[in-house]
Amino acid sequence: MYCFSYRELSEVMGEDEEVVARISVCIGSCGRARAAANWSVETDNTRMGTIMPGHISLWATSKFTTHHRSFLLIHALFPLSESEPTLERFIVAFLTFFVDLTHHIQEDRHIFIARMRDRTIPDIEHIERVRTYLQANFRANPQQADEPQNIASPLNYAGWAQHV
């Protein structure tokens, strides 16, 4: 789970005062991942509706969902609603992200289930900018909605993440 957003773009000027490069000012892990995959800020829009290899939700989520709760909820929604689960591991920078994620799933569990049934992205704050990309790529399986409902609460069930 990465956040690929950046605070600002710094422009590198050449001798002729022309912009020769744009560098994103961001956290180190984001910068390293962007550099390793050769993802420039100029081509961000081409990836908006794509789930990048090794990731669990759309590029748009990682790029523009900068509010913590919204970021975690969207990252939880996509793998929980897959009809053919493919999530093998969940990598987070800090364990507290995963703890927060399970708390948010618990709090909004009924919303997840309802949205999985009707195949719509829930009304989550701060996702307006990416909602169209999310909805266009949300492939929820209504039959899958019963599974989270039948599994105990993430906060009350030891081994919950492995079971899901």
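See the structure above.
Residues numbered from 1 in each chain as written. Predicted model: local features only at pLDDT ≥ 70, side-chain atom pairs only at ≥ 80, totals over all residues. Heavy atoms only, no water.

*Asks:* Help me out: how do you make sense of the packing of aromatic side chains in this one?
*Replies:* Given two aromatic rings, one states the distance between the centres and the angle between the planes to describe the pair. Across all of its chains, the model carries 2 aromatic pairs by this definition. Centroid distance W39 to W59: 5.0 Å. Interplanar angle 75°. Geometry classified as edge-to-face. Of this pair, W39 sits in the loop between α1 (28-37) and α2 (59-64) while W59 sits in helix α2, and the two are 20 residues apart along the sequence. Of the two residues, W39 and W59, both sit in the buried class. For the ring pair F78 and F138, a centre distance of 5.6 Å and an interplane angle of 70° mean the geometry is edge-to-face. Separated by 60 residues along the polypeptide, F78 in helix α3 (residues 68-80) and F138 in the loop between α6 (131-136) and α7 (146-150) bring together distant segments of the chain. Under the relative-accessibility criterion, F138 is labelled buried at 6%. Directly above the aromatic system of W59 lies the positively charged group of R47, at a separation of 4.4 Å from the ring centroid. (Phe/Tyr/Trp six-rings, centres within 6.5 Å; stacked < 30°, edge-to-face > 60°. Helix = DSSP H or I, 4+ residues; strand = E, 2+ residues; numbered from the N terminus. Buried < 20%, exposed > 50% of the residue type's maximum accessible area, 1.4 Å probe, protein only. Lys NZ or Arg CZ within 6 Å of the ring centre and 35° of its normal.)

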